[in-house]
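Structural overview for review
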Amino acid sequence: VKKSYVFSRAFKYFKPYSKTVFMTGVLLAVANVLSAIMPLFNSILIDDYLVPTKGATPYFQSRATGIVVTVLAMVFTFILSKIITIFTSRVSNRIGSRFSNDLRNIVYDKIQELSLTSMSKRSAGNLMHRVTNDTERVKEFFNQQGRYLVEQIIVFTVVLTILFFTSVHLTLVVLAPIPIGVFAMTRFRHSTRVRYHKQWRINSKATSILHDIIKGIRVVKSFGNEEREIEKFSKVSRKLADISASNEKYWAVTFPLVGNFMSLGEILVLLIGGKMVLDGTLSLGELTRFNLYLAFLYAPLRWMSMFPRRLADCTTSLVKIYEILDDEPQTATVDSDLKIDASKSLEFHNVTFGYKSYEPVLKNINLHIEPGEMIGLVGHSGAGKSTIINLCMRLYDPNLGKITIGDVDIKTVNPRELRDNIGVVFQETYLFS
């Protein structure tokens, strides 16, 4: 699956909130830029007041005044940065909740439209996993990573500019390991995606088994099967734990290694920058400032090294959601105002049907039922008694032939209109809570 297609399609659902998320990203970047000013204050404090360098032009003649004012400026900048961060977090959480709600409703509405054939291909636990877990993962990715992406790009650009103005040579040293780290990340991308897809499948299976056990607990207890069901769930749970642990080990070794490799520039800066201080081509305050800014420069790079994992996780969830949204109902809904007269006769015309088309349950069935007539269908289990009722309600469509009420083919009637005229009592009673 092409990521460009996966995420461009997902962005359509996220579009109503994109401007707000972009603005929160910009504000978050402003908060980080304010934090990035702190090393500048440190540099001023050291070079102008604590250990004055030759040719320094401090803003205040009194060193004590300069220290107090600089520290107060640092405190004010810190507080303002935190206020902006808190504000953006609150806005972002509110947007995330709304987006998650929209996505859940879209998937749930589609599930309501699926035919019974489509529903029978998937377990209830599998569908629940897509409505709840997958939509939540997509929300987390778009809301959190979208905001951080804007923030990290702005911070990286601003800090890189400051570093170039401080020392071009040291900045080039810092950037040297980055291309190698980026290349390494792309090499691990495929294996990461495969691992997280496998984890999704086992997680979905565990949810399905748990749903079945809870739903059928009366049967489990009636037959004394508690130990068997405990073992069944424990087995899949252990499998899920094993693959999750394996993925975490893989992640803990591979990607931090790549991220730390990109941080190799910090060691080089201390070596080369220390020599420049001794040679007198760089002041101690400038080296301190440069080192403090490295933390701001490498934060976006470390975030990027973690990005493939989040991307693989989100891609898997999006693909699973699209499987539901793209499923074409086999009993197509007809947008028709055509009404049926339930007092007319019901007829089957050479109807052939199988839940699997190559294994027909009913073959060439012809049936004519007059209004007011009571019919009993008798036969062994699997003969097709319930199937005939399902076809009358158009829960399935015949593979061959047609069913009419009066002279109206039920395929030409809106399913809601058809079912409004049918009363049915199923074999198994289900009570909604």
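Below: a short report on this structure. If you're wondering where the values come from, they're calculated on a predicted model, not measured in any experiment. (Residues numbered from 1 in each chain as written. Predicted model: local features only at pLDDT ≥ 70, side-chain atom pairs only at ≥ 80, totals over all residues. Heavy atoms only, no water.)

**Structural notes on the environment of F99**
- Locating F99 in the fold gives a position in helix α3 (residues 63-113).
- Owing to a relative accessible area of 2%, F99 belongs among the buried residues under this scheme.
- In this structure, the C-alpha to C-alpha distance between F99 and P16, residues 83 residues apart in sequence, is 8.9 Å. (Helix = DSSP H or I, 4+ residues; strand = E, 2+ residues; numbered from the N terminus. Buried < 20%, exposed > 50% of the residue type's maximum accessible area, 1.4 Å probe, protein only.)

**Observations regarding the packing of helix α5 (residues 124-166) against helix α12 (residues 284-325)**
- Two elements in contact, α5 and α12, have axes separated by 7 Å at closest approach and are oriented at 155°. By the criterion of interaxial angle, the relationship of α5 to α12 is roughly antiparallel. α5 and α12 meet at a crossing whose hand is left-handed.
- Here the residues of the contact of α5 with α12 are counted per class, giving 27 nonpolar, 5 polar and 9 charged. (Axes fitted to C-alpha atoms, helices over the stretch in contact; angles between N-to-C directions. Parallel < 35°, antiparallel > 145°, perpendicular 65-115°, else oblique. Left-handed = near helix turned anticlockwise from the far one by under 90°. Nonpolar A, V, L, I, M, F, W, Y, C, P; charged D, E, K, R; others polar.)

**A word on the packing of aromatic side chains**
- The final tally for this structure, using the stated rule, is 8 aromatic pairs.
- Judged by centre distance (4.8 Å) and plane angle (80°), the ring pair of F14 and F99 falls under edge-to-face. Of this pair, F14 sits in helix α1 (residues 3-36) while F99 is found in helix α3, placing the two residues 85 residues apart along the sequence.
- Taking relative accessible area as the criterion, F14 reaches 4% and is therefore assigned buried.
- Measuring from centroid to centroid gives 6.3 Å for Y17 and F99, while their planes differ by 70°, and the two rings are edge-to-face. Taken together, the positions of Y17 in helix α1 and F99 in helix α3 put the pair 82 residues apart, joining distant regions of the chain.
- Grouping aromatic residues by their ring pairs yields a cluster made of F14, Y17 and F99.
- The aromatic ring of Y322 is capped on one face by R9, whose charged end is 4.2 Å from the ring centroid.
- The side chain of K320 reaches across the aromatic face of W200, ending 4.6 Å from its centre. (Phe/Tyr/Trp six-rings, centres within 6.5 Å; stacked < 30°, edge-to-face > 60°. Lys NZ or Arg CZ within 6 Å of the ring centre and 35° of its normal.)

**Description of the pairing of strand β3 (residues 400-405)**
- Taken together, the 5 bridges between strand β1 (residues 346-353) and β3 define a ladder with antiparallel strand orientation. Looking at the pairing, T352 lines up with L400 of β3.
- Relative to strand β4 (residues 408-409), β3 runs antiparallel, the two sharing 2 bridges. Bridge pairing in β4 places T404 opposite D409.
- Between β3 and β4, which follow one another and run antiparallel, lie 2 residues, and G406 among them has a positive phi close to 70°. (Pairing = 2+ DSSP bridges.)

**Remarks on the nonpolar core**
- By size, the foremost hydrophobic cluster in this structure holds 25 residues, and its most contacted members are F7, V138, F142 and L318.
- At the level of secondary structure, the elements contributing two or more residues to this core comprise α1, α3, α5 and α12.
- No other element matches α12, which puts 7 residues into this core.
- In contact with F7, not counting residues within four places along its chain, are F141, F142, L311, C314, T315 and L318.
- Counting residues in hydrophobic clusters, the runner-up holds 19 residues, among them V155, M276, L287 and L294. (Core = buried A, V, L, I, M, F, W, Y, C linked by side-chain atoms within 4.5 Å. Contact = heavy atoms within 4.5 Å.)

**Some points on the sheet that holds strand β2 (residues 362-369)**
- As summarised here, the arrangement of the 4 strands in space is β2-β1-β3-β4, forming an open sheet in which the pairing is antiparallel. Either end of the sheet is taken by a strand with one partner, and the two such strands are β2 and β4.
- Sitting on the sheet, helix α13 (residues 385-392) touches β1, β2 and β3, and the angle it makes with β1 is about 115°.

**A short note on the pairing of β1**
- For β1 and β2, the ladder comprises 5 bridges, and the chain directions are antiparallel. Looking at the pairing, L346 lines up with I369 of β2.

**What about the environment of H190?**
- With respect to the helices, strands and loops of the structure, H190 is situated in helix α8 (residues 189-215).
- The exposed category is assigned to H190, whose relative accessible area is 51%.

**Digging into α5**
- Look at α5: 60 Å from first C-alpha to last across 43 residues, which is about the 63 Å you get at 1.5 Å a residue.
- For α5, the principal kink sits at R130 and spans about 35°. (Expected span 1.5 Å × (residues − 1). Bend = angle between axes of the 7 residues up to and from the residue.)

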